[in-house]
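Understanding the architecture of this molecule
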Amino acid sequence: MSKRKRRRRPHIPADLSTCDGRQRARKELVWSDHGFLRVGFSNLHKISDEMWRSNQPSPEQITRHAAERGIRTIVNLRGESLRGHYLLEREACAAAGVRLVDFQVFSRDTPTPESVLASKELFSRITYPALMHCKSGADRAGLMSVLYLIGRKGEPVDRALSQLSLKYLHVRQGKTGLLDAFFAAALSAGANTPDVFFRWVENEYDRVAVKADFLRARGRQIELDRLLGRE
């Protein structure tokens, strides 16, 4: 007789206006979201004079970013959430006068054409200096750093790809290598310059085919993700 799957209860967000709620949000940030691993390591890097990248910042780090680096916008690549890490980030940004922008992307899938094209618009409208982050600062932050350099700074794809490397803890041997496969497909199609790249994304990019080719080539090697515990 098969076991019945337990239904997950909907997550009730912590109430930051109460001591108990604030403690719960902090526990979610530190333990559930692995914030304890980020206490001494923010994976913080300067991409340009106006843009930084990092892993999930704590409220204290957000305050420092605003004070020491003049950060005026934080781009959250994880998406809006009811969890403590997001509630505390939103509160800290409001207190520091930093605009929080939610722009969700994914690390273990080929990016959608819509998200790639929207990234160019995003980087044209936010206020700088800015910082963008995901959870680890490795993969989603890497993807968006490449797109920032292409769409905002006009760098060729092959040069911008330095933002997706082991230096930032990006591991292409796992399923996060789908991000590398996306850019490799662009280069194979001759889409190295910004204008040609965005035209390729809009008119020629076959997301499903790129993903299928990657999965056939990698097979079960993508089980590495389970060891890394990435989103």
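Right, let's walk through the structure included here. This structure is a prediction, so every number in the text was calculated from the model and none was measured. (Residues numbered from 1 in each chain as written. Predicted model: local features only at pLDDT ≥ 70, side-chain atom pairs only at ≥ 80, totals over all residues. Heavy atoms only, no water.)

Some points on the packing of helix α7 (residues 177-188) against helix α9 (residues 207-218)
Relative orientation of the contacting elements α7 and α9 amounts to 125 degrees, with a least axis distance of 10 Å. Taken together, α7 and α9 sit at an angle that is classed as oblique. By crossing handedness, the relation of α7 to α9 is classed as right-handed. Between α7, through Gly177, Leu178, Ala181, Phe182 and Ala185, and α9, the contact on the second element is made entirely by Val210, Lys211 and Phe214. (Axes fitted to C-alpha atoms, helices over the stretch in contact; angles between N-to-C directions. Helix = DSSP H or I, 4+ residues; strand = E, 2+ residues; numbered from the N terminus. Parallel < 35°, antiparallel > 145°, perpendicular 65-115°, else oblique. Left-handed = near helix turned anticlockwise from the far one by under 90°. Contact = heavy atoms within 4.5 Å.)

Points about the sheet that holds strand β5 (residues 130-133)
Backbone hydrogen bonds hold the strands of a sheet together, and the pairing may be parallel or antiparallel. With mixed pairing, the five strands of this open sheet are ordered in space as β1-β2-β5-β3-β4. With partners counted over all chains shown, the strands left at the sheet margins are β1 (45-46) and β4 (99-102), one partner each. Across two bridges, the pairing between β1 and strand β2 (residues 51-54) is antiparallel. When the bridges of β2 are listed, His45 appears paired with Arg53. Here helix α3 (residues 84-96) sits on the sheet in contact with β3 (73-76), β4 and β5, set at roughly 145 degrees to β4. Strand contacts of helix α5 (residues 140-151): β2 and β5, with the helix running at about 165 degrees to β2, the strand carrying the most contacts. (Pairing = 2+ DSSP bridges.)

Comments concerning the environment of Arg140
When you line up the elements, Arg140 lands in helix α5. Residues Arg140 and Asp102, spaced 38 residues apart in sequence, show a C-alpha to C-alpha distance of 13 Å.

Quick notes on the packing of aromatic side chains
Counting across every chain of the model gives 10 aromatic pairs. Their ring planes at 35 degrees and their centres at 5.1 Å tell us that Trp200 and Tyr205 sit as a pair that is tilted. Given the relative accessible area of 6%, Trp200 is considered buried. An aromatic cluster of three or more residues is present, and its members are Phe182, Phe183, Phe197, Phe198, Trp200 and Tyr205. The ring of Tyr168 carries Arg53 above its face, with NZ or CZ at 4.0 Å from the centroid. When the ring centre of Trp52 is taken as reference, the NZ or CZ atom of Arg69 above it lies at 5.0 Å. (Phe/Tyr/Trp six-rings, centres within 6.5 Å; stacked < 30°, edge-to-face > 60°. Buried < 20%, exposed > 50% of the residue type's maximum accessible area, 1.4 Å probe, protein only. Lys NZ or Arg CZ within 6 Å of the ring centre and 35° of its normal.)

As for the side chain of Asn76
Considering the arrangement of structural elements, one finds Asn76 in strand β3. Using a relative accessible area of 1% as the deciding quantity, one classes Asn76 as buried. Here the side chain of Asn76 touches Asp102 through a polar contact of 2.9 Å, side chain to side chain. Asn76 has contacts with Tyr86, Glu89, Leu100, Val101, Asp102, Phe103, Gln104 and His133, leaving out every residue within four places of it along the chain. (Polar contact = N/O pair within 3.5 Å; in protein donor to acceptor, adjacent residues only side chain to side chain.)

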